[in-house]
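For reference, the chains in residue letters:
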Number of protein chains: 2
Amino acid sequence: MKSNCYCVIMAGGIGTRFWPKSRQSCPKQFLDILGTGRSFLRHTFDRFANIVPIENFIVVTNRRYFDLVKEHIPELKDSQILCEPIGRNTAPCIAYAAYSLLRDNPDAEMIVTPSDHLILNEKEFRRVVESSLEFVASRNALMTIGIQPTRPETGYGYIQKSNSEEVCKVKCFTEKPSLEMAEAFIECGEFLWNSGIFIWKVRDIVAAFEEHLPEHASLFGSIVDKLGTDDEKAAIEGVFSACRPISVDYGIMERAENVYVHCGDFGWSDVGTWGSVYQQSRKDRYANALSGDYTNVYNTRNSLISIPKEKVAVVSGLKDYIVVDTPDVLLICPKSEEHSIKSFIEDVKYETGDKYI
Amino acid sequence: MKSNCYCVIMAGGIGTRFWPKSRQSCPKQFLDILGTGRSFLRHTFDRFANIVPIENFIVVTNRRYFDLVKEHIPELKDSQILCEPIGRNTAPCIAYAAYSLLRDNPDAEMIVTPSDHLILNEKEFRRVVESSLEFVASRNALMTIGIQPTRPETGYGYIQKSNSEEVCKVKCFTEKPSLEMAEAFIECGEFLWNSGIFIWKVRDIVAAFEEHLPEHASLFGSIVDKLGTDDEKAAIEGVFSACRPISVDYGIMERAENVYVHCGDFGWSDVGTWGSVYQQSRKDRYANALSGDYTNVYNTRNSLISIPKEKVAVVSGLKDYIVVDTPDVLLICPKSEEHSIKSFIEDVKYETGDKYI
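If you're wondering where the values come from, they're calculated on a predicted model, not measured in any experiment.

### Some thoughts on the confidence of the model for chain A
Phase 1 of the analysis: Of the residues in chain A, 100% have a pLDDT of 70 or more, and the chain-wide mean is 95.
Phase 2 of the analysis: For this predicted complex, the interface confidence score (ipTM) comes to 0.84, while the overall pTM stands at 0.85.

### Brief notes about the packing of helix α6 (residues 202-212) of chain A against helix α7 (residues 214-221) of chain A
Residues and elements named next belong to chain A.
Phase 1 of the analysis: It is at 5 Å that the axes of α6 and α7 come closest, and there the two elements cross at 125 degrees. Classed by the angle they form, the pair α6 and α7 counts as oblique. For the pair α6 and α7, the contacting residues are F209, E210, E211 and H212 in the first and P214, H216 and A217 in the second.
Phase 2 of the analysis: Here the residues of the contact of α6 with α7 are counted per class, giving 3 nonpolar, 2 polar and 2 charged.

### Examining the sheet that holds strand β14 (residues 304-306) of chain B
Phase 1 of the analysis: Spatial ordering of the open sheet is given by β13(A)-β15(A)-β17(B)-β16(B)-β14(B)-β12(B), a layout of 6 strands whose pairing is mixed. The two strands at the open ends of the sheet, each matched to only one other strand, are β13 (294-298) of chain A together with β12 (289-291) of chain B. Pairs of neighbouring strands in the sheet enclose a mean axial angle of 5 degrees, with direction left out of account.
Phase 2 of the analysis: Relative to strand β16 (residues 321-325) of chain B, β14 of chain B is paired through 3 bridges, and the arrangement is parallel. Each bridged residue has a counterpart across the sheet, and for I305 of chain B the counterpart in β16 of chain B is V323 of chain B.

### Details of unusual backbone geometry
Phase 1 of the analysis: With an omega of 10 degrees, the peptide bond running from W19 of chain A to P20 of chain A counts as cis.
Phase 2 of the analysis: Note that P20 of chain A resides in the loop between β1 (5-10) and α1 (40-48).
Phase 3 of the analysis: Unlike most non-glycine residues, N89 of chain B shows phi in positive territory, near 75 degrees.
Phase 4 of the analysis: Inspection of the secondary structure puts N89 of chain B in the loop between β3 (81-84) and α3 (90-104).

### Considerations on the pattern of salt bridges
Opposite charge on two side chains permits pairing when their charged atoms draw close.
Phase 1 of the analysis: As enumerated under the stated definition, the model contains 44 salt bridges over all chains in all.
Phase 2 of the analysis: With a closest N to O distance of 2.2 Å, R203 of chain B and D107 of chain B form a salt bridge. Highlighted residues: R203 of chain B in helix α6 (residues 202-212) and D107 of chain B in the loop between α3 and β4 (109-114), separated in sequence by 96 residues.
Phase 3 of the analysis: On the accessibility criterion, R203 of chain B (43% relative accessible area) is partly exposed.
Phase 4 of the analysis: The partner of K201 of chain B in a salt bridge is D204 of chain B, with the nearest N and O atoms 3.0 Å apart. With respect to burial, K201 of chain B and D204 of chain B carry one shared label: buried.
Phase 5 of the analysis: Taken together, the shared-partner salt bridges connect R38, R42, D46 and E75 of chain A into one network.

### Considering the interface of chain B and chain A
Phase 1 of the analysis: Contacts between the two partners involve 35 residues from chain B, matched on the other side by 35 residues from chain A.
Phase 2 of the analysis: Between chain B and chain A the total buried area reaches about 2700 Å² when both faces are included, carbon and sulfur atoms providing 57% of it.
Phase 3 of the analysis: Across the chain B-chain A interface, the total number found is 4 salt bridges.
Phase 4 of the analysis: Linking K311 of chain A and D325 of chain B is a salt bridge whose minimum nitrogen-to-oxygen distance equals 2.6 Å.
Phase 5 of the analysis: Inspection of the chain B/chain A interface yields 24 residue pairs in polar contact (both at pLDDT 80 or more).
Phase 6 of the analysis: At the level of secondary structure, the elements contributing two or more residues to the side of chain B that touches chain A comprise β13 (294-298), β15 (312-316), β16, β17 (329-334) and α11 (341-352) of chain B.
Phase 7 of the analysis: Considering every element that reaches the side of chain B that touches chain A, the biggest residue donor is β17 of chain B, with 6 residues.
Phase 8 of the analysis: Its residues assigned to classes, the side of chain B that touches chain A comprises 21 nonpolar, 5 polar and 9 charged.
Phase 9 of the analysis: Pairing geometry for strand β15 (residues 312-316) of chain A and β17 of chain B, over 4 bridges, is parallel. Within β17 of chain B, the position partnered with A313 of chain A by the bridge is L330 of chain B.

### What about helix α4 (residues 122-137) of chain B?
Residues and elements named next belong to chain B.
Phase 1 of the analysis: Given a rise of 1.5 Å per residue, 16 residues ought to cover 22 Å, and the 22 Å separating the end C-alpha atoms of α4 matches this to within 8%.
Phase 2 of the analysis: Along α4, the positions that sit buried rather than exposed are F125, V128, V129, S132, L133, F135 and V136. Buried residues in α4, looked at end-on, bunch into an arc of 160 degrees, giving them a common side. Set apart from the buried face of α4 by more than 90 degrees, the exposed residues are K123 and E134.

### A look at the relation of the copies chain B and chain A
Phase 1 of the analysis: The transform that puts chain B on chain A rotates by 180 degrees and translates by 0.0 Å along the axis, for an RMSD of 0.1 Å. Both copies of the chain, as the preceding transformation shows, are related through a two-fold rotation axis. Across chain B, the smallest distance between a C-alpha and the rotation axis is recorded for P327 of chain B, namely 3.6 Å.
Phase 2 of the analysis: Both copies share a contact surface, since 100% of the interface residues of chain B are interface residues in chain A too.

The rules behind these values
Residues numbered from 1 in each chain as written. Chains lettered and ligands numbered in written order. Predicted model: local features only at pLDDT ≥ 70, side-chain atom pairs only at ≥ 80, totals over all residues. Heavy atoms only, no water. pLDDT = per-residue confidence, 0-100. Axes fitted to C-alpha atoms, helices over the stretch in contact; angles between N-to-C directions. Helix = DSSP H or I, 4+ residues; strand = E, 2+ residues; numbered from the N terminus. Parallel < 35°, antiparallel > 145°, perpendicular 65-115°, else oblique. Contact = heavy atoms within 4.5 Å. Nonpolar A, V, L, I, M, F, W, Y, C, P; charged D, E, K, R; others polar. Pairing = 2+ DSSP bridges. Salt bridge = Lys/Arg side-chain N within 4 Å of Asp/Glu carboxyl O. Buried < 20%, exposed > 50% of the residue type's maximum accessible area, 1.4 Å probe, protein only. Buried area = accessible area lost by both parts, 1.4 Å probe. Polar contact = N/O pair within 3.5 Å; in protein donor to acceptor, adjacent residues only side chain to side chain. Expected span 1.5 Å × (residues − 1). Arc of directions from axis to C-beta. Least-squares fit on C-alpha atoms with pLDDT ≥ 70 in both.

This is the structure:
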């Protein structure tokens, strides 16, 4: 257990890709979409609870999810939940946590992690994280964890390694490539998926903000003495409304010189689409991923069918479909049309406002 | 208004063909499957309320539906609702009503009607019924109303006319023919669909029971003095448990000599399948029959989609499907597989008992 190390969980997302299961009022990180018995957020907490002490967790989330975070991780004290008044992408989120730690423990190490990913081999994951912590302890290094890719996925960001060592400098980042490019990346062997998990010292990420995102650095730097006091809420409100939304990848990682990647291979998925939920789910012998206590399928193949427990479903004659039923919304859609969910949501929003979103 | 004429509505059915919309606890006659604003039973009552006075209605139903009948036709007095302890097909149902009338008004005329059919042209229907009533008033005749067929339907019974008059003797009855036979029937022009609506004098149907179903006649005859008294319930219990289940078509109409048919053409359907609900429903421009306030379809054709009001549905990429969603059961099934609903129900029953049936 690393008592000088902190784990910052980013849990402010308002994903609609899992609509109608995810809603603005209860986004993906609070759901157990894979039916494991625990939410993504809880899994993330449990995964790191072997690495850092409970009092060293910080969850950064949107203000509206404060109660949900407490419900999923009752171990946290209120002061361990940092509330963003408004989502401003990952750089301000990370700055909020980093400047809070700067005040409490400027020598600390810091892990930053998304709250809604899947990791299968937790033992190997822990090894990679601990080895990264050791690496950054003795250097000014911004470490990102890269994933050995298994297919030419076009929905992920890619990291090009500078050599074949397990830990090495990053040559460059590429956001969501075309299929041809992704295929070339896999072929070439120098590319990893960007997991969005970062490891660094508080001091070093603050220095990186000062160099590459000076506006953000000065906004957050100016309120350090208010963090942890009664004035925090008002101060943060001002900073977030003033600061530009930007991702830490674009704002810092792609610009900094001291960026390293630790190559990991521990069964990772960002579970970003219903298709990836389907991939990660247990299937019946006709390759259907079924949930619900009484979901009966006939002449149905390669489909994901998610039904509330206790509800009966009889589904006949579907191939390659997604069926997601909730008490107030039913979605039936070919897997190949999953990208249309966004526009379905727009139509529903146009008709009924935010009620079903 | 024919004050000597009674209307007997048979409303004891426990149809499961409209599962999951119809349930044992609320079968088809109590539903508004076509979204007209009134249940089938209420439509039936309203249709005949122009022909016979309200106090001349009798609804025969299963005991468990007594309250539902009162709810749908609050105009009825309790004594106008005859409760079967157990379903025994149409002959015992009709005998119960006929022997009850025999005691009250042996000279009465009597219309017998199913409670769950659709009739579009009520004016023409009324003309046919009133003309039939006139016909049977002066003769010992058992009249059935036949429907000019419009397609070689294999799910209906057929009646062969003995000539081309609007009212004529019946040559023979044929239950659900094969497709080839149904096509030949339509071709030949002598055949009508059997609507299950009968018109006769009480005296004449009682005589027919005595001749063709003497066991039933003697069972019901033996309790006439108990009908309408406090002993009715126990007496009927005994009679129903003793009497053989049989349809009036098979038990009387196919055997009697004095059977006539009145040929009608007034937009009739027994609405016996989801397919016929689809046929009778208003369609959108892609031939979808949609219900629910927020049912959004994309790339979907020729489908029936029934969603609870207030629930959002997004349905993409279905052709020729039935989707019926209810709070506790969801059915998705190709139209061509509708006949399998019975076996789906068996499977659900095997898994969960009667809860969802």
